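Summary of the model geometry
Chain by chain, the residues:
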Amino acid sequence: MNTLPLIGHRIERYMVVASTNDLVRAAAEGGAPEGLVVTAEEQAAGRGRLGRKWIVPRGTSLQLSILLRPPLAPIAGARVVRMAAVAVAHVLEQHLHLTPVLKWPNDVLLGGRKCAGILLESSLSGDRVDYIVLGIGLNVNYTMRVYPELAPRATTLQDVVGHEVDCAALERALLVELNALYARLVQGDVLMDEYRARLKLLGQTIRVATATEILQGIARDVSDDGALILELDNRSVKLYAGDVTILQENALDVS
Ligand code: BTN
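A brief report on the enclosed structure follows.

Analysis parameters
Residues numbered from 1 in each chain as written. Predicted model: local features only at pLDDT ≥ 70, side-chain atom pairs only at ≥ 80, totals over all residues. Heavy atoms only, no water. Helix = DSSP H or I, 4+ residues; strand = E, 2+ residues; numbered from the N terminus. Pairing = 2+ DSSP bridges. Axes fitted to C-alpha atoms, helices over the stretch in contact; angles between N-to-C directions. Salt bridge = Lys/Arg side-chain N within 4 Å of Asp/Glu carboxyl O. Buried < 20%, exposed > 50% of the residue type's maximum accessible area, 1.4 Å probe, protein only.

1. A short note on unusual backbone geometry
A cis amide bond links Trp104 with the next residue in sequence, Pro105, at an omega value of 5°. Its location among the elements puts Pro105 in the loop between strand E4 (101-103) and strand E5 (107-110). Positive phi outside glycine occurs at Leu191, with the angle close to 60°. Relative to the assigned elements, Leu191 resides in the loop between helix H4 (167-186) and helix H5 (192-198).

If you want it as structure tokens, here you go:
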């Protein structure tokens, strides 16, 4: 097997950890070089966005965290999240012939249900990024029937393709793709075309729950720096974080 150039040049594999993001953060604080990947069969305290838990059955899925030290300003965080979402989408398209869509800011959906999530945690030093911990979770070889409360809005690759998927091959493909996209990113390509082409909500009426308010309007665009541009009745706002619900005629919640 060929060595991966940067991301995955070193891969630490664990059976059970609290969160792979924690291990990568500790390695970063200890001065580890970028490209370290930590994977786990099971996370006892896996984290999602907005303080949520990330729970999958042991040994079924991709759960990995990557240490990055992009030579970029803090704005790079949104670009790195975008890169990861696009990388997951590319892998699902190219290796499983699926048609994923992306939901701002960073969910990957299949058939309207979330199959992958991305959690970015960063440490800044002045106006530069010291390090980024990029956590990626992809639901693979189990059926969402084991979590009936999640099934209306989450799915797994097994549920979508109808059989088990080679998780190791998927991981390898994802790391290869991330290396290619990260090389483009540090050279200044913000990957907006790939992101926009798969973004679900542009032009749709949506509701966004931020930390402080709930807004309803039309999703007009996503800016280079990752903000959702939401058109309200008489103004536009830029939102950097939030939970989106697409309002459809039947009011189906696909968040
Ligand atoms: C989300 O959509 O809420 C983000 C989910 C991110 C889950 C991954 S799994 C690997 C890494 N370790 C964690 O604790 N979380 C991320």
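2. Regarding the sheet that holds strand E8 (residues 205-209)
Reading across the sheet, the 5 strands line up as E11-E10-E9-E8-E12 and stay open at both edges, with antiparallel pairing between neighbours. Of all strands in the sheet, those with a lone pairing partner are strand E11 (236-239) and strand E12 (243-246), marking the two edges. When strand polarity is set aside, the average angle formed by the axes of neighbouring strands in this sheet is 45°. Bridge count for strand E9 (residues 214-222) against strand E10 (residues 228-231) is 4 bridges, and the pairing is antiparallel. Bridge pairing in E10 places Ile218 opposite Glu231.

3. Here's the deal with the pattern of salt bridges
Evaluation of the coordinates by the stated rule reveals 14 salt bridges. For Arg10, the salt bridge is made with Glu12, and the minimal N-O distance between the two is 3.0 Å. You can call Arg10 partly exposed: its relative accessible area is 46%. Salt-bridge contacts for Glu231 lead to Arg220; the nearest nitrogen and oxygen are separated by 2.6 Å. Of this pair, Glu231 sits in strand E10 while Arg220 is found in strand E9, placing the two residues 11 residues apart along the sequence. A relative accessible area of 29% places Glu231 in the partly exposed class. Via salt bridges that share partners, Asp22, Arg47 and Glu121 belong to a single interconnected network.

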